[in-house]
Amino acid sequence: MIIVIANSKGGVGKSTLAVHLAAWLHDQGHRVALADCDTQQSSSEWIREAVPGVKAVRLDNPNMILDELPVLALDVDFVVADGPGSQTETSRALLLRADLAIVPCKASMLEVRALAKATDVLRQAQDIRAGKPKAVIVLSMVGKNYRLTKDMKDAAAALNLPMASVPLILRQIYADAPGQGAVVGRMASRGREAATEVDQLFREILPDAYAAKSLKPKASRR
Ligand SMILES: Nc1ncnc2c1ncn2[C@@H]1O[C@H](COP(=O)(O)OP(=O)(O)O)[C@@H](O)[C@H]1O
Ligand SMILES: [Mg+2]
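Keep in mind that this is a model prediction, so the values were computed, not measured.

(A) Fine view of helix H9 (residues 192-205). The end-to-end C-alpha distance of H9, which contains 14 residues, comes to 20 Å, matching closely the 20 Å that a straight helix rising 1.5 Å per residue would cover. Listing the buried residues of H9 in full gives Ala 194, Glu 197, Val 198, Asp 199, Leu 201, Phe 202 and Ile 205.

(B) Here's a closer look at the site of ligand 1. Close to ligand 1 lie 13 residues; Gly 11, Lys 14, Ser 15, Thr 16 and Ile 169 are nearest. Residue Arg 171 places a main-chain N or O atom 3.0 Å away from a nitrogen atom belonging to ligand 1. Within the complex, 76% of the 560 Å² of free accessible area of ligand 1 lies under protein. Sorting elements by how many residues they give to the shell around ligand 1 places helix H1 (residues 14-27) first, with three residues. Class assignment of the residues belonging to the shell around ligand 1 gives a composition of six nonpolar, five polar and two charged.

(C) Looking closely at the sheet that holds strand E1 (residues 2-5). Pairing is parallel in the open sheet, where six strands are placed in the order E3-E2-E4-E1-E5-E6. Each having just a single partner strand, strand E3 (55-58) and strand E6 (134-140) make up the two edges of the open sheet. On average, each strand axis in the sheet is tilted by 20 degrees relative to the strand beside it, whichever way the strands run. The pairing of strand E2 (residues 32-36) with E3 spans four bridges and is classified as parallel. Opposite Ala 35, over in E3, you have Val 57 as the bridge partner.

(D) Focus on the confidence of the model for the chain. On average, the chain scores 92 in pLDDT, and the residues at 70 or more come to 95%. When the criterion is pLDDT under 50, residues 218-222 qualifies, and its contacts beyond four places in sequence or with other chains add up to two contacts.

(E) Up close: the pairing of E2. With respect to burial, E2 is a largely interior element, five of its five residues being buried. When E2 meets strand E4 (residues 78-82), the two strands line up parallel, connected through five bridges. When the bridges of E4 are listed, Ala 33 appears paired with Val 79.

(F) Up close: the packing of aromatic side chains. Counted by the stated rule, this structure contains two aromatic pairs. Ring centres of Trp 24 and Phe 202 lie 5.7 Å apart, and the angle between their planes is 50 degrees; on these two criteria the pair is classed as tilted. Here Phe 202 lies in helix H9 and Trp 24 lies in helix H1, a separation of 178 residues in the sequence. Each member of the pair, Trp 24 as well as Phe 202, carries the same accessibility label: buried. Every member of this aromatic cluster is reached through a ring pair, and the members are Trp 24, Phe 202 and Tyr 210. Above the plane of the ring of Tyr 210 lies Arg 203, whose end atom (NZ or CZ) is 4.2 Å from the centre.

(G) Focus on the nonpolar core. Counting residues in hydrophobic clusters, the biggest one holds 41 residues, and the most contacted among them are Ile 3, Leu 21, Leu 25, Ile 102, Leu 201, Ile 205 and Leu 206. The element that contributes the greatest number of residues to this core is H1, accounting for eight residues. When near neighbours in sequence (up to four residues on either side) are disregarded, Ile 102 contacts Ile 3, Val 4, Ile 5, Ala 6, Leu 17, Leu 21, Val 136, Val 138 and Ile 205. Among the nonpolar cores identified, the runner-up in size contains 37 residues, and Ala 6, Ala 33, Leu 59 and Val 121 belong to it.

Rules used throughout
- Residues numbered from 1 in each chain as written.
- Chains lettered and ligands numbered in written order.
- Predicted model: local features only at pLDDT ≥ 70, side-chain atom pairs only at ≥ 80, totals over all residues.
- Heavy atoms only, no water.
- Helix = DSSP H or I, 4+ residues; strand = E, 2+ residues; numbered from the N terminus.
- Expected span 1.5 Å × (residues − 1).
- Buried < 20%, exposed > 50% of the residue type's maximum accessible area, 1.4 Å probe, protein only.
- Near = heavy atom within 4 Å.
- Polar contact = N/O pair within 3.5 Å; in protein donor to acceptor, adjacent residues only side chain to side chain.
- Areas by Shrake-Rupley, 256 points an atom, 1.4 Å probe, with all protein chains shown as cover.
- Nonpolar A, V, L, I, M, F, W, Y, C, P; charged D, E, K, R; others polar.
- Pairing = 2+ DSSP bridges.
- Axes fitted to C-alpha atoms, helices over the stretch in contact; angles between N-to-C directions.
- pLDDT = per-residue confidence, 0-100.
- Contact = heavy atoms within 4.5 Å.
- Phe/Tyr/Trp six-rings, centres within 6.5 Å; stacked < 30°, edge-to-face > 60°.
- Lys NZ or Arg CZ within 6 Å of the ring centre and 35° of its normal.
- Core = buried A, V, L, I, M, F, W, Y, C linked by side-chain atoms within 4.5 Å.

Take a look at the structure:
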(Lines give C-alpha, C1' and ligand atoms only; values in the text may rest on other atoms or scores of the structure.)
(Ligands and ions follow the chains in the order given, each with its own letter.)
Protein backbone atom coordinates (compact mmCIF):
# COMPACT_ATOMS: atom_id res chain seq x y z
CA MET A 1 0.00 0.00 0.00
CA ILE A 2 1.28 3.44 -0.96
CA ILE A 3 0.32 6.28 1.37
CA VAL A 4 1.14 9.86 0.45
CA ILE A 5 1.18 12.78 2.88
CA ALA A 6 -0.07 15.56 0.67
CA ASN A 7 -0.77 19.26 1.01
CA SER A 8 0.85 21.70 -1.38
CA LYS A 9 1.34 24.15 1.49
CA GLY A 10 4.60 24.03 3.42
CA GLY A 11 4.81 23.92 7.19
CA VAL A 12 1.53 22.10 7.78
CA GLY A 13 3.08 19.03 9.42
CA LYS A 14 3.60 16.69 6.44
CA SER A 15 7.09 15.51 7.32
CA THR A 16 6.19 15.14 10.99
CA LEU A 17 3.19 13.01 10.06
CA ALA A 18 5.14 10.98 7.49
CA VAL A 19 7.96 10.06 9.87
CA HIS A 20 5.56 9.17 12.70
CA LEU A 21 3.39 7.08 10.39
CA ALA A 22 6.40 5.17 9.06
CA ALA A 23 7.58 4.53 12.63
CA TRP A 24 4.10 3.45 13.75
CA LEU A 25 3.70 1.00 10.86
CA HIS A 26 7.16 -0.39 11.60
CA ASP A 27 6.17 -0.85 15.25
CA GLN A 28 3.09 -2.81 14.14
CA GLY A 29 5.47 -5.31 12.55
CA HIS A 30 5.13 -4.21 8.92
CA ARG A 31 7.92 -3.77 6.40
CA VAL A 32 8.01 -0.04 5.66
CA ALA A 33 9.78 2.32 3.28
CA LEU A 34 9.70 6.08 3.56
CA ALA A 35 9.94 7.82 0.20
CA ASP A 36 11.19 11.35 0.79
CA CYS A 37 9.85 13.32 -2.15
CA ASP A 38 10.64 16.78 -0.86
CA THR A 39 13.77 18.49 -2.14
CA GLN A 40 14.60 19.45 1.45
CA GLN A 41 15.05 15.75 2.26
CA SER A 42 14.57 16.26 5.95
CA SER A 43 12.31 13.28 6.58
CA SER A 44 14.70 10.69 5.13
CA GLU A 45 17.48 11.89 7.43
CA TRP A 46 15.10 11.98 10.39
CA ILE A 47 13.71 8.47 9.88
CA ARG A 48 17.22 7.01 9.38
CA GLU A 49 18.17 8.23 12.83
CA ALA A 50 14.85 7.56 14.52
CA VAL A 51 13.95 4.14 13.10
CA PRO A 52 16.80 2.53 11.15
CA GLY A 53 14.52 -0.44 10.37
CA VAL A 54 12.53 1.73 7.96
CA LYS A 55 14.02 1.85 4.50
CA ALA A 56 14.58 5.51 3.52
CA VAL A 57 14.61 6.43 -0.15
CA ARG A 58 14.81 9.79 -1.88
CA LEU A 59 12.61 10.22 -4.91
CA ASP A 60 12.77 13.83 -5.84
CA ASN A 61 11.39 14.12 -9.32
CA PRO A 62 8.08 13.15 -10.95
CA ASN A 63 9.56 10.56 -13.33
CA MET A 64 11.38 8.76 -10.54
CA ILE A 65 8.18 8.72 -8.52
CA LEU A 66 6.05 7.33 -11.32
CA ASP A 67 8.65 4.70 -12.24
CA GLU A 68 10.08 3.71 -8.89
CA LEU A 69 7.29 4.02 -6.36
CA PRO A 70 5.51 0.85 -7.55
CA VAL A 71 8.82 -1.04 -7.61
CA LEU A 72 9.56 0.07 -4.06
CA ALA A 73 6.08 -1.05 -3.01
CA LEU A 74 6.86 -4.62 -4.15
CA ASP A 75 9.54 -4.92 -1.46
CA VAL A 76 7.58 -3.70 1.54
CA ASP A 77 4.08 -3.75 3.04
CA PHE A 78 3.75 0.05 3.18
CA VAL A 79 5.40 2.92 1.38
CA VAL A 80 4.90 6.26 3.14
CA ALA A 81 5.65 9.13 0.76
CA ASP A 82 6.41 12.54 2.25
CA GLY A 83 5.21 15.06 -0.30
CA PRO A 84 6.71 18.40 -1.25
CA GLY A 85 5.43 21.80 -0.20
CA SER A 86 5.15 23.25 -3.66
CA GLN A 87 6.24 21.30 -6.73
CA THR A 88 2.92 20.48 -8.34
CA GLU A 89 4.24 17.87 -10.76
CA THR A 90 5.81 15.91 -7.91
CA SER A 91 2.50 15.98 -6.02
CA ARG A 92 0.67 14.92 -9.15
CA ALA A 93 2.98 11.95 -9.69
CA LEU A 94 2.48 10.89 -6.05
CA LEU A 95 -1.29 11.16 -6.22
CA LEU A 96 -1.36 9.14 -9.44
CA ARG A 97 0.44 6.29 -7.65
CA ALA A 98 -0.98 6.46 -4.11
CA ASP A 99 -3.69 4.25 -2.60
CA LEU A 100 -4.35 6.69 0.24
CA ALA A 101 -3.67 10.40 0.66
CA ILE A 102 -3.42 11.87 4.15
CA VAL A 103 -3.84 15.65 4.04
CA PRO A 104 -2.60 17.48 7.13
CA CYS A 105 -4.17 20.87 7.64
CA LYS A 106 -3.73 23.46 10.35
CA ALA A 107 -6.90 24.16 12.27
CA SER A 108 -7.80 27.64 11.15
CA MET A 109 -10.52 28.88 8.90
CA LEU A 110 -7.94 30.35 6.51
CA GLU A 111 -6.07 27.07 6.25
CA VAL A 112 -9.19 25.01 5.71
CA ARG A 113 -10.32 27.44 2.99
CA ALA A 114 -6.89 27.21 1.38
CA LEU A 115 -7.35 23.44 1.25
CA ALA A 116 -9.67 23.78 -1.73
CA LYS A 117 -6.72 25.08 -3.71
CA ALA A 118 -4.22 22.76 -2.09
CA THR A 119 -6.29 19.72 -3.01
CA ASP A 120 -6.88 20.62 -6.69
CA VAL A 121 -4.33 18.05 -7.80
CA LEU A 122 -5.88 15.43 -5.51
CA ARG A 123 -9.25 15.96 -7.12
CA GLN A 124 -7.78 15.66 -10.60
CA ALA A 125 -6.14 12.36 -9.68
CA GLN A 126 -9.40 11.05 -8.20
CA ASP A 127 -11.22 12.09 -11.35
CA ILE A 128 -8.74 10.29 -13.61
CA ARG A 129 -8.53 7.17 -11.39
CA ALA A 130 -12.20 6.61 -10.65
CA GLY A 131 -12.01 7.91 -7.10
CA LYS A 132 -8.50 6.82 -6.12
CA PRO A 133 -6.62 7.69 -4.01
CA LYS A 134 -8.87 7.65 -0.97
CA ALA A 135 -8.15 10.75 1.08
CA VAL A 136 -8.53 11.94 4.65
CA ILE A 137 -7.83 15.30 6.30
CA VAL A 138 -5.90 15.33 9.57
CA LEU A 139 -5.95 18.51 11.63
CA SER A 140 -2.44 19.30 12.78
CA MET A 141 -0.83 21.74 15.21
CA VAL A 142 -4.15 22.21 16.94
CA GLY A 143 -4.32 24.28 20.15
CA LYS A 144 -5.08 22.20 23.26
CA ASN A 145 -8.41 23.86 23.99
CA TYR A 146 -9.39 24.06 20.41
CA ARG A 147 -12.97 23.40 19.27
CA LEU A 148 -13.77 22.79 15.64
CA THR A 149 -16.15 25.60 14.69
CA LYS A 150 -19.21 25.06 12.56
CA ASP A 151 -17.66 27.26 9.85
CA MET A 152 -14.68 24.98 9.64
CA LYS A 153 -16.77 21.83 9.66
CA ASP A 154 -18.82 23.24 6.80
CA ALA A 155 -15.74 24.28 4.85
CA ALA A 156 -14.21 20.83 5.28
CA ALA A 157 -17.47 19.12 4.36
CA ALA A 158 -17.71 21.24 1.21
CA LEU A 159 -14.45 19.66 0.07
CA ASN A 160 -16.10 16.27 0.26
CA LEU A 161 -13.19 14.81 2.19
CA PRO A 162 -13.56 12.96 5.49
CA MET A 163 -11.71 14.34 8.49
CA ALA A 164 -10.05 12.13 11.10
CA SER A 165 -11.62 12.63 14.53
CA VAL A 166 -8.22 12.59 16.26
CA PRO A 167 -6.18 15.79 15.66
CA LEU A 168 -2.49 16.27 16.32
CA ILE A 169 -2.11 18.83 19.09
CA LEU A 170 0.47 21.64 18.93
CA ARG A 171 3.18 20.33 21.27
CA GLN A 172 6.77 21.36 21.69
CA ILE A 173 7.84 17.72 21.67
CA TYR A 174 6.93 17.34 17.97
CA ALA A 175 9.18 20.29 17.16
CA ASP A 176 11.98 18.84 19.31
CA ALA A 177 11.77 15.33 17.88
CA PRO A 178 13.76 15.77 14.62
CA GLY A 179 16.63 17.52 16.43
CA GLN A 180 16.87 14.52 18.72
CA GLY A 181 16.64 12.08 15.83
CA ALA A 182 13.62 10.48 17.49
CA VAL A 183 9.88 10.03 17.18
CA VAL A 184 7.66 10.99 20.11
CA GLY A 185 7.03 7.33 21.00
CA ARG A 186 10.75 6.94 21.70
CA MET A 187 11.19 10.05 23.85
CA ALA A 188 10.42 8.50 27.23
CA SER A 189 7.69 9.88 29.47
CA ARG A 190 7.89 13.35 27.91
CA GLY A 191 6.46 11.93 24.73
CA ARG A 192 3.70 9.86 26.25
CA GLU A 193 0.70 12.09 25.47
CA ALA A 194 1.87 12.74 21.94
CA ALA A 195 2.63 9.05 21.41
CA THR A 196 -0.90 8.17 22.52
CA GLU A 197 -2.52 10.63 20.13
CA VAL A 198 -0.35 9.47 17.22
CA ASP A 199 -1.33 5.86 17.97
CA GLN A 200 -5.04 6.74 18.16
CA LEU A 201 -4.89 8.68 14.92
CA PHE A 202 -3.21 5.91 12.93
CA ARG A 203 -5.49 3.24 14.37
CA GLU A 204 -8.43 5.31 13.18
CA ILE A 205 -7.06 5.88 9.68
CA LEU A 206 -5.51 2.42 9.17
CA PRO A 207 -7.50 -0.04 11.31
CA ASP A 208 -6.30 -2.99 9.24
CA ALA A 209 -2.66 -2.14 9.76
CA TYR A 210 -3.25 -2.14 13.50
CA ALA A 211 -5.40 -5.25 13.56
CA ALA A 212 -2.68 -7.17 11.78
CA LYS A 213 -0.54 -6.76 14.88
CA SER A 214 -3.17 -7.45 17.50
CA LEU A 215 -3.78 -10.81 15.83
CA LYS A 216 -0.24 -11.94 16.53
CA PRO A 217 -0.12 -12.44 20.31
CA LYS A 218 -3.13 -14.75 20.35
CA ALA A 219 -2.78 -15.55 24.02
CA SER A 220 -3.46 -11.95 24.98
CA ARG A 221 -6.76 -11.79 23.08
CA ARG A 222 -10.11 -12.39 24.88
N1 LIG B 1 1.89 18.97 16.21
C2 LIG B 1 2.95 19.81 16.19
N3 LIG B 1 3.25 20.55 17.28
C4 LIG B 1 4.30 21.41 17.27
N5 LIG B 1 5.11 21.59 16.22
C6 LIG B 1 4.87 20.88 15.10
C7 LIG B 1 3.79 19.94 15.01
N8 LIG B 1 3.82 19.39 13.78
C9 LIG B 1 4.86 19.93 13.12
N10 LIG B 1 5.50 20.83 13.89
C11 LIG B 1 6.67 21.67 13.53
O12 LIG B 1 6.23 22.60 12.52
C13 LIG B 1 7.20 22.74 11.50
C14 LIG B 1 6.62 22.29 10.15
O15 LIG B 1 6.31 20.90 10.23
P16 LIG B 1 6.70 19.90 9.06
O17 LIG B 1 6.28 18.54 9.50
O18 LIG B 1 8.13 20.08 8.66
O19 LIG B 1 5.73 20.43 7.91
P20 LIG B 1 5.83 20.27 6.30
O21 LIG B 1 6.55 18.99 6.02
O22 LIG B 1 4.40 20.28 5.86
O23 LIG B 1 6.57 21.48 5.80
C24 LIG B 1 8.39 21.92 11.93
O25 LIG B 1 9.28 22.75 12.63
C26 LIG B 1 7.79 20.88 12.89
O27 LIG B 1 8.73 20.43 13.85
MG1 LIG C 1 8.21 18.56 4.85
